[in-house]
Every structure is written in C-alpha cells, then in structure tokens.
Amino acid sequence: MSAEYDIAETLDVKGASCPMPVVKTKGAIDDLAAGEILEVLATDSGSMSDIDGWAAGTAGVELVEQEEGDDVYKHYVRKTE
C-alpha cells in the first residue's frame with residue numbers, strides 16, 4: 001500500500017548510507033515551500049531512525065509517515081514553516 005500524499009518532490013537517495021540520506025533530505029526540504037511534502041526513497045535501513053530523529057529535532061519539519069517496503073524505505077516529510 002502506498003501513501004496518498006500530494007508530493008511536491010521526490011528525493012532518491014537509494015544506495016546512500018548514513019549520514020547522506022539526512023543531509024540530502026535537509027537540503028531538499030530547504031527548497032520546498034511551507035506545507036509541501038518531500039518523499040524520500042532510501043535503501044539504508046538506518047534511514048528510518050536517522051530521518052525520524054532529524055525531523056523530531058528540527059524546527060519547521062514534520063515526519064508525516066515512514067513505510068518499509070521491499071528493500072526501499074519511504075519517508076514523507078512536510079515542511080511546516
């Protein structure tokens with residue numbers, strides 16, 4: 001099942017390992033407008049906790065959902081301000 005979000009941009013960081021998924025997610029979020037959602041596609045299982053921790057500790061972003069698929073981890077991050 002795929003989440004149904006109005007995705008402004010998809011960031012593909014498949015193959016990248018910590019800390020690159022978070023670094024690239026931060027960079028992509030900076031380019032979005034408030035209220036827009038970034039979809040992040042990663043293959044690093046550590047990205048689940050890394051992006052969760054980053055979003056929790058970062059003002060202006062909200063982790064909407066994470067999905068663990070077949071070899072791909074999907075993260076949906078909303079820019080809130």
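Residues numbered from 1 in each chain as written. Predicted model: local features only at pLDDT ≥ 70, side-chain atom pairs only at ≥ 80, totals over all residues. Heavy atoms only, no water.

The name recorded for the chain in an unreviewed UniProt entry is UPF0033 domain-containing protein, from Halorubrum tebenquichense DSM 14210. In its Sequence similarities (unreviewed entry) section, the UniProt entry covering the chain states "Belongs to the sulfur carrier protein TusA family." (UniProt positions renumbered as here; feature names shortened; annotations may be inferred.)

Draft legend 1. The arrangement of a negative patch on the surface in detail. On the surface, a cluster of negative charge is contributed by Asp 6, Glu 9, Asp 31 and Glu 36. By the secondary structure assignment, Asp 31 is in the loop between helix H1 (20–30) and strand E2 (37–42). (Patch = residues over 30% accessible without salt bridge, like charges linked within 9 Å, V, L, I, M, F, W, Y side chains within 5 Å. Areas by Shrake-Rupley, 256 points an atom, 1.4 Å probe, with all protein chains shown as cover. Salt bridge = Lys/Arg side-chain N within 4 Å of Asp/Glu carboxyl O. Lys, Arg positive; Asp, Glu negative; His and termini not counted. Charge placed at Lys NZ, Arg CZ, Asp CG, Glu CD. Helix = DSSP H or I, 4+ residues; strand = E, 2+ residues; numbered from the N terminus.)

Draft legend 2. Quick look at the nonpolar core. Core analysis: the biggest nonpolar cluster contains 16 residues, and Ile 29, Leu 38, Trp 54 and Val 77 have the highest contact counts within it. Setting aside its immediate chain neighbours within four residues, Trp 54 contacts Val 22, Thr 25, Lys 26, Ile 29, Val 61 and Val 77. (Core = buried A, V, L, I, M, F, W, Y, C linked by side-chain atoms within 4.5 Å. Buried < 20%, exposed > 50% of the residue type's maximum accessible area, 1.4 Å probe, protein only. Contact = heavy atoms within 4.5 Å.)

Draft legend 3. Representation of the UniProt feature "domain: UPF0033" (unreviewed entry) in the chain in the model. Taking the numbering used here, the UniProt-annotated feature "domain: UPF0033" (unreviewed entry) corresponds to residues 11–35. With 44% helix and 12% strand, residues 11–35 has end C-alpha atoms that lie 17 Å from one another.

Draft legend 4. Spotlight on unusual backbone geometry. Cis geometry is adopted by the peptide bond preceding Pro 19, which originates at Cys 18 and carries an omega value of 5 degrees. Positive phi, close to 70 degrees, is recorded for Asp 71, a residue that is not glycine. Within the secondary structure, Asp 71 is located in the loop between strand E3 (61–68) and strand E4 (73–79).

Draft legend 5. Structural detail: the pattern of salt bridges. With the rule as written, the count across this model stands at three salt bridges. Taking the shortest distance from any N to any O, the salt bridge between Lys 14 and Asp 12 comes out at 3.0 Å.

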